[in-house]
Amino acid sequence: MRSAREEDAAALVALSQPFVRSGALRERPASLYTAHATDFLVADADADAGVGVLGGPLEGCVGLRVHPADPATGRGPVGVLYNFCVAGHKQGRGVGAALMRAALAVARAKSLSALFTATTGGGDLFLRYGFAPTAARMAPPAWANSLDPRRNALILARSL
């Protein structure tokens, strides 16, 4: 696992497209991947093989956006996991679990109090890692308000 770089933006778009086409992910402009590349953790074939040269094909990614503390509610800073996807040929091989463990480690290192995510699927991986269904009002308002109600996404949270 490694942090994504700006030059990974095109690979992030390409990795995400099958999930956008299936409806599992919202379409995001390529400029978002460039502007927020550092939000992403990526599973990179070369880095994960110990080759030492980064830049191999991306096998998976997850974005982690930090939302600052909310003094009005007394809640500390929280994170939102988004755009979580694993290349079809790598699904069921531990890439998603490795990305989840890496995202949890980064969230702890940033002293986040909780993580949130939304999924149109069953959320099995999230549930295995301690996420549970929650109400949108519990999530960061800016993120919760950005969700498309037509997608009928399940909102999940995990305390850290």
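Since we're looking at a predicted model, the values are computed, not measured.

(A) A look at the pattern of salt bridges. Going through the model one piece at a time under the given rule, you end up with 7 salt bridges. With a closest N to O distance of 3.7 Å, E59 and K90 form a salt bridge. Taken together, the residues span a long stretch of sequence, with E59 in strand β3 (residues 58-67) and K90 in the loop between β4 (78-86) and α4 (95-109) at a distance of 31 residues. Taken together, the shared-partner salt bridges connect R2, R5, E7, D8 and D44 into one network.

(B) Quick look at unusual backbone geometry. With phi around 55°, S111 is a residue other than glycine that occupies positive phi space. Located in the positive-phi region is N152, a residue other than glycine, with phi close to 50°. A relative accessible area of 67% places N152 in the exposed class.

(C) Seen up close, the layout of surface pockets. Taken as a whole, the largest pocket encloses approximately 1,000 Å³ of empty space. Considering the residues around the largest pocket, the lining is formed by 44 residues, among which L25, F84, A118, T119 and F126 are closest to the centre. Elements supplying a minimum of two residues to the lining of the largest pocket: β3, β4, α4, β5 (114-119), α5 (124-128) and α6 (141-146). Take the lining of the largest pocket: its biggest share by element is 7 residues, from β4.

(D) The arrangement of the nonpolar core in detail. Counting 20 residues, the largest nonpolar core has L81, F84, M100 and L115 as the members making the most contacts within it. Going through the elements one at a time, β2 (40-44), β3, β4, α4 and α5 are the ones with two or more residues in this core. If you tally residues by element for this core, the top one is α4, at 7 residues. Those residues in contact with L115, other than ones at most four positions away along the chain, are L64, G79, V80, L81, L104, A107, F131, L156, A157, R158 and L160. With 16 residues, the next largest nonpolar core counts L15, Y33, F40 and L58 among its residues.

(E) Here's a closer look at the confidence of the model for the protein. For the protein, mean pLDDT is 91; residues scoring 70 or higher make up 93% of the total. Helix α3 (residues 45-48) is the least confidently modelled element of the protein, averaging 62 in pLDDT, while strand β6 (residues 132-133) averages 98, the highest of any element. In the model, residues 49-54 has pLDDT below 50 throughout and makes 8 contacts with residues more than four positions away in sequence or in other chains.

Analysis parameters
- Residues numbered from 1 in each chain as written.
- Predicted model: local features only at pLDDT ≥ 70, side-chain atom pairs only at ≥ 80, totals over all residues.
- Heavy atoms only, no water.
- Salt bridge = Lys/Arg side-chain N within 4 Å of Asp/Glu carboxyl O.
- Helix = DSSP H or I, 4+ residues; strand = E, 2+ residues; numbered from the N terminus.
- Buried < 20%, exposed > 50% of the residue type's maximum accessible area, 1.4 Å probe, protein only.
- 1 Å grid on protein atoms, 1.4 Å probe; cavity = no way out; pocket = protein on both sides within 12 Å on 5 of 7 lines; lining within 4 Å.
- Points joined across faces, edges and corners; volume = space filled by probe spheres on them.
- Core = buried A, V, L, I, M, F, W, Y, C linked by side-chain atoms within 4.5 Å.
- Contact = heavy atoms within 4.5 Å.
- pLDDT = per-residue confidence, 0-100.

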